[in-house]
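# Notes for the structure review
Letter by letter, the chains look like this.
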Amino acid sequence: MELSLEQEFNVRSFENQVKHMSREQAQAFLVQLYEQMLTRENMYKEFLKHEWGIDQGYSA
């Protein structure tokens with residue numbers, strides 16, 4: 001899957017930003033980024049559960 005032109009620009013901007021970080025700053029930033037990725041994943045899961053009706057209890 002290819003990135004849009006805007007996304008490619010954002011990647012280059014991000015690359016320039018992290019080039020100027022210290023090792024400690026980069027490590028802390030990666031931990032924050034990973035936490036955000038996990039949070040986003042959880043949000044997607046909850047959204048899909050809601051959309052598919054999985055979050056509602058089944059009455060059998």
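These notes cover the structure that comes with them. (Residues numbered from 1 in each chain as written. Predicted model: local features only at pLDDT ≥ 70, side-chain atom pairs only at ≥ 80, totals over all residues. Heavy atoms only, no water.)

### Overview of the overall build of the protein chain
Helix and strand counts for the protein chain come out as two helices and zero strands. The globule rule puts the C-alpha radius of gyration for 60 residues at 10 Å, and the 18 Å found for the protein chain is more than 25% above it. Taken over the C-alpha atoms alone, the protein chain extends approximately 60 × 30 × 15 Å along its principal axes. Relative to its full complement of 60 residues, the protein chain shows a buried share of 2%. When the accessible area of the protein chain is evaluated, it comes to approximately 6,100 Å², of which 56% is carbon and sulfur surface. Between the averaged position of the 6 positive side-chain charges in the protein chain and that of its 10 negative side-chain charges there is a distance of 7 Å. (Helix = DSSP H or I, 4+ residues; strand = E, 2+ residues; numbered from the N terminus. Rg over C-alpha atoms; globule rule 2.2 N^0.38 Å. Buried < 20%, exposed > 50% of the residue type's maximum accessible area, 1.4 Å probe, protein only. Areas by Shrake-Rupley, 256 points an atom, 1.4 Å probe, with all protein chains shown as cover. Lys, Arg positive; Asp, Glu negative; His and termini not counted. Charge placed at Lys NZ, Arg CZ, Asp CG, Glu CD.)

### Considering the packing of aromatic side chains
Enumeration over the complete set of coordinates arrives at one aromatic pair. Note on Phe14 and Phe29: the rings are 5.5 Å apart at their centroids and 35° apart in plane angle, and the pair reads as tilted. In this pair, Phe14 is assigned in helix H1 (residues 5-19) and Phe29 in helix H2 (residues 23-52), connecting sequence segments 15 residues apart. Taking the relative accessible area as the measure of exposure, Phe29 reaches 24% and is therefore partly exposed. (Phe/Tyr/Trp six-rings, centres within 6.5 Å; stacked < 30°, edge-to-face > 60°.)

### With respect to H2
Residues lying three or four places apart along an α-helix face the same way, a consequence of the helix completing one turn every 3.6 residues. The terminal C-alpha atoms of H2, which comprises 30 residues, lie 43 Å apart, in line with the 44 Å expected from a rise of 1.5 Å per residue. Gly53 sits one or two residues past H2 and shows a positive phi near 75°. (Expected span 1.5 Å × (residues − 1).)

### Some points on the environment of Glu35
With respect to the helices and strands, the residue Glu35 is situated in helix H2. Of the residues examined, Glu35 reaches a relative accessible area of 53% and is grouped as exposed. As a C-alpha pair, Glu35 and Asn16 span 19 residues in sequence and 22 Å in three-dimensional space.

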